[in-house]
Amino acid sequence: MNVDGRVSIETRNLCRHFGDARAVDGVSLQIGAGETYGLLGPNGCGKTTLIRLLVGLLRPSSGEALVLGTAMPNRGVLSRVGYMTQAEAIYQDLTVWENLRFFGSIYGVHSIPRFHEVLSLLGLAERAGSVVATLSGGMRRRVSLACAMLHRPELLFLDEPTVGVDPQLRVTFWDHLHRLNQQGVTIVVSSHVMDEAERCHRLGLMRNGRILAEGSGAELRQSTGTSTLEEAFLACAGGTGEPG
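Residues numbered from 1 in each chain as written. Predicted model: local features only at pLDDT ≥ 70, side-chain atom pairs only at ≥ 80, totals over all residues. Heavy atoms only, no water.

Asker: Before we move on, could you go through the pattern of salt bridges and cite the residues and values that matter?
Answerer: Summed over the entire model, instances satisfying the criterion amount to 10 salt bridges. Ionic pairing is found between Glu117 and Arg152, a salt bridge with its closest N-O pair at 3.2 Å. Here Glu117 is found in helix α3 (residues 112–121), whereas its partner Arg152 is found in the loop between α4 (137–149) and β7 (155–159), with 35 residues between them in sequence. You can call Glu117 partly exposed: its relative accessible area is 41%. One salt-bridge network, held together by shared partners, links Glu10, Arg12 and Glu64. (Salt bridge = Lys/Arg side-chain N within 4 Å of Asp/Glu carboxyl O. Helix = DSSP H or I, 4+ residues; strand = E, 2+ residues; numbered from the N terminus. Buried < 20%, exposed > 50% of the residue type's maximum accessible area, 1.4 Å probe, protein only.)

Asker: Can you lay out helix α8 (residues 229–236) for me, pointing to particular residues and giving the numbers?
Answerer: All buried positions along α8 are accounted for by Leu229, Ala232 and Phe233. The buried residues of α8 all sit within an arc of 100 degrees when viewed along its axis, so they share a single face. Those residues of α8 hidden inside the fold are in contact with β3 (36–40), α6 (194–197), β9 (202–207) and α7 (217–224). Count one or two residues on from α8 and you reach Gly238, which has phi positive near 80 degrees. (Arc of directions from axis to C-beta. Contact = heavy atoms within 4.5 Å.)

Asker: Which residues make up the sheet that holds β9, and what values go with them?
Answerer: Strand order in the open sheet formed by six strands is β6-β7-β8-β3-β9-β10, and the pairing between neighbours is mixed. On the outer flanks of this sheet lie β6 (81–84) and β10 (210–215), each paired with one strand and no other. Pairwise comparison of adjacent strand axes, ignoring direction, gives a mean angle of 15 degrees for this sheet. Of the strand pairs in this sheet, β3 and β9 are connected by four bridges, and their pairing is parallel. (Pairing = 2+ DSSP bridges. Axes fitted to C-alpha atoms, helices over the stretch in contact; angles between N-to-C directions.)

Asker: I'd like to hear about the sheet that holds strand β5 (residues 70–71), residue by residue, with values.
Answerer: The strand order across the open sheet formed by four strands is β2-β1-β4-β5, and the pairing between neighbours is antiparallel. Edge strands, defined here as strands with exactly one partner in the open sheet, are β2 (21–32) and β5. Here strand β1 (residues 7–18) runs beside strand β4 (residues 62–67); their pairing, made up of five bridges, is antiparallel. Counted as the bridge partner of Glu10 is Leu66 from β4. Lying over the sheet, helix α1 (residues 47–54) contacts β1, β2 and β4, oriented at roughly 120 degrees with respect to β1.

Structure representation (structure tokens):
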């Protein structure tokens, strides 16, 4: 899926090294506007480091990352980007509502109706006055997502977004993400959950800092002659390693 042929993300031989460790090793990819692109691979394969490069939290060792037409890192583009981190980046001692107000103020969002809209969308309306520390892990993930999408970003990065989230809510999450795609929002998701991967328009199978293969779930299964994404990943990885 793509909107008007526009490109939201382009990387060219992007690398990030930590000493001798090549966390991201020559990644070149292109992600179109309105597309959900999934980074699929085991923990430690470089997914989070790649996302941090794309949002400008890390500088590349070499190569280039263009996000919404801008070379990263660049603070100017951040107002158009939402980022839900793997670790919850919300304030545990504040209420849900206070977290929304705080993050809204950072992005210049002061619309009370918008706060209520996001709370309702994510099933948090009845917990608006709850202190975040008292919520379940799944509820806290919802609060993180609410804060990340509050300012209606053009590009949304979600790092393991449904860890600890019940299956029913996971379906609701993805239904909303697809509605955002229809509005032209580009979404990059890192995951090692197979049923989530199938919901992405395209996938990048990642291992040892490299993209092994790209395509839709169906394309990857067909190209590797396998019946499941897990088998496709193992085929691309040479029969070693696990996707999750």
